[in-house]
Amino acid sequence: MTTTQETTVAGFDTLGLAKPLLDALADVGYETPSPIQAACIPVLLAGHDLLGEAQTGTGKTAAFALPLLQKIDIKRAVPQALILTPTRELAIQVAEALQKYAHHLPGFHVLPIYGGQSMVVQLRALSRGTHVIVGTPGRVMDHLERKSLVLNNLQTLVLDEADEMLRMGFIDDVKWILEHTPAERQTALFSATMPDVIRRVAHEHLREPKEIKIRSATSTVVTTSQSYCQTHSGQKLEALTRILEVEDDFDAAIVFVRTKTATVELADKLEARGYSVAALNGDLTQGLREQVIERLKAGTIDIVVATDVAARGLDVARISHVINYDVPYDTEAYVHRIGRTGRAGRTGRAILFLAPREMYMLKLIERATKQKITAITMPTPGEVANRRVAQFTQQVVDIIKSEKLDFFFDVVRRMESEQDIAAREIAAALAWLATRERPLQMPGANDHAPREAATAPAAVASAPTFAADAERKPTKPRAKPAEDYPAADAPRERATKRGDTPVKLQSFPPGTLARYRIEIGRNQGVLPKEIVGAIANEAGIAGKDIGQINLFDDYSSVELPANLPADLMDVLRRIRVRQFALKTRVMEAGEFVDTRPPRRATPAAKKPDWKKPAGAKPEWKAKRER
Ligand code: AMP
């Protein structure tokens, strides 16, 4: 019996998989095999039958799909593998996964067949030829009986979620199919549980199967306070940002996702929402990885979005929160993850996002951590608004205590008498002005109760939200996640350190802006904020001097002060965004065709010259949203 104990650190390339499959895994951003993959892939590649005890979410699909794909002879478009699943949804999901992993196997075909879909469509698809069939037992049986599906060339048979098939009454169909497939096939049976009936099927139809089971973490008592939030994947980002807004005692967070790609995507999304964040994954060089950790320690960034492997051993005392954005493969990984908080004698907080179908993990984790995991729900817009109002109130109270306001008393008094308006109205207008870049109310926050919030305990001072943003966020655009910039990017780094003086900014007289062309556009996935961030950070041009940005397919235009000096042009030419050199140059007359309605000239120059309210979004963000 084979059991795995720890999340394996060795890469996929140690498992004996062929290059096209390794390339596909790199494409989807998987960094390391999950424990079930590390255990099953070599066994299946060696040709053994397999009895695997594994739940959904452990990565079992890739565990059987990759070895199966490796054996497919693409030249023969006949079913060489059959995967039986209990439901049509799972059949589709598994077929999609196979398609993904076979991305570098040109000519590969997989066909899902399930009840409820038109027979005519399925018959036509089957007659065209396919390498792998993924189907529900009843429909597969139908096709076998009609001889529209012939399995003479079958090499591999996978029974996925066997206990579910049993529960749904398919077990006789499954046995019938097992009896009507070539005896010399390789068979893998996966099941979340191993009731006797399944064991008997395995005993009768599998040849000396290797048993693989992922052992749960040995129980560990943890001091971290743990909660879970049940949420569908489409809501996770919103849930995360709202939770971070209302969490008490937030200092810094590590957010765990499954893939390298997801670290970058989520970091980008959080950054667009105003957080200081970086991605941490196995693609970063050791130097860049250390830079990210140093920035987290120093408080230049507050959130790191990481994969399990990249975060291994990370020890930063200020991590107050661990967010399990994607559920871990097993309890072992969960215990490792939450060990990143509650360091140096502090109490930590762990929050786990679970989709309804992942809820089974809850009991396993509670057992492994010997602790109850409390349920939380996504905070409502009203709750978020209450928190923001409480923070804003605290900010006002602090300013009254700490600042000399005599001059402003006079300003208000003059407004009162000259304009005949009450101080209360003036205060409301000023509150609006101070928060208009980041309103206190979220859309749909009508249910919030400012009065109550205003008197609520100000235990919120360190939440990563509106008020705290004043200290937390530089008013300059922040750095992109480290991998977008070369390691030797010292000036930009300096510019983004909290409290540090930014790179020396060029000063330009208000006036003419010219349109410049840069060689990166929509097709390269660039966002306006990245362009502004790079220009501001690396060329030292302030946000207010950067005008309209228009993205085209393969290039963009950006308004910058006219007649820039040659040395600055040189810097602008060499700046890289998403690995692309901008090659900035002035656009020729007539080269730019703006299809949008006319707008005010040089919006930046027209802005009122009042000091940006604390916590306001950087200039470039506001511009992007105009
Ligand atoms: P499964 O248990 O097969 O349903 O897989 C659950 C999820 O984990 C799917 O979204 C997979 O794409 C993802 N996944 C599987 N293996 C890996 C891996 N080695 N690294 C990252 N994600 C993975």
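Structure's up top.
Quick caveat, the model's predicted, so the values are computed rather than measured.

Caption draft 1: Here's a closer look at the pattern of salt bridges. In the structure shown here, the tally under the stated rule is 31 salt bridges. With a closest N to O distance of 2.7 Å, Asp308 and Arg337 form a salt bridge. One end of the pair, Asp308, is in the loop between β12 (303-306) and β13 (319-324); the other, Arg337, is in helix α13 (residues 331-338), with 29 residues separating them in the sequence. Here the two residues Asp308 and Arg337 agree in accessibility, since each one is buried. The residue Arg515 makes a salt bridge to Glu559 at a minimum N-O spacing of 3.2 Å. In this pair, Arg515 sits in strand β16 (residues 513-518) while Glu559 sits in strand β18 (residues 556-561), placing the two residues 44 residues apart along the sequence.

Caption draft 2: Expanded view of the sheet that holds β18. Pairing within the open sheet is antiparallel, and its four strands lie in the order β17-β18-β16-β21. The open sheet has two free edges, formed respectively by β17 (549-551) and β21 (585-586), since each of these has just one partner strand.

Caption draft 3: Structural view of the sheet that holds β12. Reading across the sheet, the seven strands line up as β11-β12-β10-β13-β14-β9-β15 and stay open at both edges, with parallel pairing between neighbours. Two strands lie at the open edges of the sheet, namely β11 (277-280) and β15 (374-376), each paired on one side alone. On average, adjacent strands in this sheet sit at an angle of 25 degrees to one another, irrespective of strand direction. The strands touched by helix α10 (residues 236-246) are β9 (225-230), β10 (252-256), β12, β13, β14 (349-354) and β15; relative to β14, the strand with the most contacts, the crossing angle is about 160 degrees.

Caption draft 4: Highlighting the pairing of β14. With respect to burial, β14 is a largely interior element, six of its six residues being buried. Residues Arg349, Ile351 and Phe353 line one face of β14 and the alternating positions Ala350, Leu352 and Leu354 line the opposite face, and both faces are buried. Bridge count between β9 and β14: six bridges; the pairing is parallel. Considered in β14, the bridge of Tyr228 is made with Leu352. Note: β13 against β14, four bridges, orientation parallel. By the bridge assignment for β14, Ile323 is matched with Ile351.

Reading the values: the criteria
- Numbering of residues starts from 1 in each chain and follows the order in which that chain's sequence is written.
- Residue-level local features of this predicted model are given only where pLDDT is at least 70; pairs of side-chain atoms are given and counted only at 80 or more, and the full residue set underlies all totals for whole chains, interfaces and linings.
- Think of the side-chain values as coming from all heavy atoms in the structure, minus any hydrogens and water.
- Whenever a carboxyl oxygen of Asp or Glu lies within 4 Å of a side-chain nitrogen of Lys or Arg, that contact is scored as a salt bridge.
- Working definition: helices are DSSP H or I runs of at least four residues, strands are E runs of at least two. Numbering for both runs from the N terminus.
- Only protein chains enter the accessibility calculation, which uses a 1.4 Å probe; a residue is then buried when its area is under 20% of its type maximum, exposed when over 50%, and partly exposed in between.
- Two strands are said to pair when DSSP picks up at least two bridges between them.
- A fitted line through C-alpha atoms serves as each axis, taken over the contacting stretch for helices, and the angle formed by two N-to-C directions is quoted from 0 to 180°.
- Only heavy atoms matter for contacts: two residues are in contact if any of them lie within 4.5 Å across the pair.

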